[in-house]
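Spelled out, the chains give:
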Amino acid sequence: MRRKARELAFKVLFEHAVGGVSLETAWQHATQEVEPEEADQEADVLDREGLSFAHRLLQGYQAQQQRVDEILASTIEGWSFGQMAKTDLAILRLATYEMLFEPTPYAPLIEVAVKIAKRYGGEDSGRFVNGVLARLLKRIEAGELSAVAKSD
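Remember, it's a predicted structure, so these values are computed and weren't measured experimentally. (Residues numbered from 1 in each chain as written. Predicted model: local features only at pLDDT ≥ 70, side-chain atom pairs only at ≥ 80, totals over all residues. Heavy atoms only, no water.)

**Let's talk about the overall build of the protein**
Stage number 1. Counting its secondary structure elements, the protein contains seven helices and zero strands.
Stage number 2. Taken from the N to the C terminus, the helices and strands of the protein come in the order α-α-α-α-α-α-α.
Stage number 3. Its C-alpha atoms give the protein a radius of gyration of 15 Å, within 12% of the compact-globule value 15 Å for 152 residues.
Stage number 4. For the protein, the spread of C-alpha atoms along the principal axes amounts to about 50 × 35 × 30 Å.
Stage number 5. Of all 152 residues assigned to the protein, the portion counted as buried reaches 45%.
Stage number 6. Excluding contacts between residues fewer than 6 apart, the proportion of contacts in the protein whose partners are at least 24 apart in sequence is 69%.
Stage number 7. A total of about 8,200 Å² of accessible surface is found on the protein, and carbon and sulfur atoms cover 48% of it. (Helix = DSSP H or I, 4+ residues; strand = E, 2+ residues; numbered from the N terminus. Rg over C-alpha atoms; globule rule 2.2 N^0.38 Å. Buried < 20%, exposed > 50% of the residue type's maximum accessible area, 1.4 Å probe, protein only. Contact = heavy atoms within 4.5 Å. Areas by Shrake-Rupley, 256 points an atom, 1.4 Å probe, with all protein chains shown as cover.)

**Let's talk about the confidence of the model for the protein**
Stage number 1. Counting all residues, the mean pLDDT for the protein is 90, and 91% of those residues have values of 70 or more.
Stage number 2. In the predicted structure, residues 38-43 sits below a pLDDT of 50 and forms three contacts with residues beyond four places in sequence or in another chain. (pLDDT = per-residue confidence, 0-100.)

**Quick notes on the side chain of Arg93**
Stage number 1. Note that Arg93 resides in helix H5 (residues 86-101).
Stage number 2. The exposure class assigned to Arg93 is buried, which follows from its relative accessible area of 14%.
Stage number 3. Discounting residues that sit within four places of it in the chain, Arg93 has contacts with Leu13, Tyr61, Val68, Asp69, Leu72 and Phe81.

**Here's the deal with H5**
Stage number 1. With 16 residues, H5 extends 22 Å from end C-alpha to end C-alpha; this agrees with the ideal 22 Å at 1.5 Å per step.
Stage number 2. Burial analysis of H5 places 14 of its 16 residues in the buried class, the great majority of the element. (Expected span 1.5 Å × (residues − 1).)

**Some thoughts on the packing of H5 against helix H7 (residues 125-141)**
Helix-helix packing is characterised by the crossing angle of the two axes and by the distance between the axes.
Stage number 1. Here H5 crosses H7 at 25°, and the two axes come no closer than 11 Å. Considering the angle they form, H5 stands roughly parallel to H7. Relative to H7, H5 is oriented so that their crossing is right-handed. When H5 is examined against H7, the residues Asp88, Ile91, Leu92, Ala95, Thr96, Met99 and Leu100 are found in contact with a partner set consisting of Ser125, Phe128, Val129, Val132, Leu133, Leu136, Leu137 and Ile140. (Axes fitted to C-alpha atoms, helices over the stretch in contact; angles between N-to-C directions. Parallel < 35°, antiparallel > 145°, perpendicular 65-115°, else oblique. Left-handed = near helix turned anticlockwise from the far one by under 90°.)

Shown next as structure tokens:
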């Protein structure tokens, strides 16, 4: 369920970035299609907890956007945000926020980010996202960056 929630958050952030609409408008567009059905749960439908998690990621990123972008810019080597695919940038922004400010363990978070990149990005997106997030994790583990405690 968390993977689908992260995917929804990615789609909203992507629409916000590319479509030039507010984050809240993009959220409204995206969630009109995924309203939870109480009686009939389909595989693609997020439950309230999933919707809540996706919304929390987006609100958290929005609140920490400047810090996330500064850390991301200093972690990515040889690329500016303007040179990057918008899909990769949206994925990296959400994953960076989650790595630094949410109690999610690193391994599954990175794994899902890479899967989303492979699904929505270009041929090298999965490898690129994995490399950037691995570099970010090294910076956190080295004590160069602080992150919230992770749950098991």
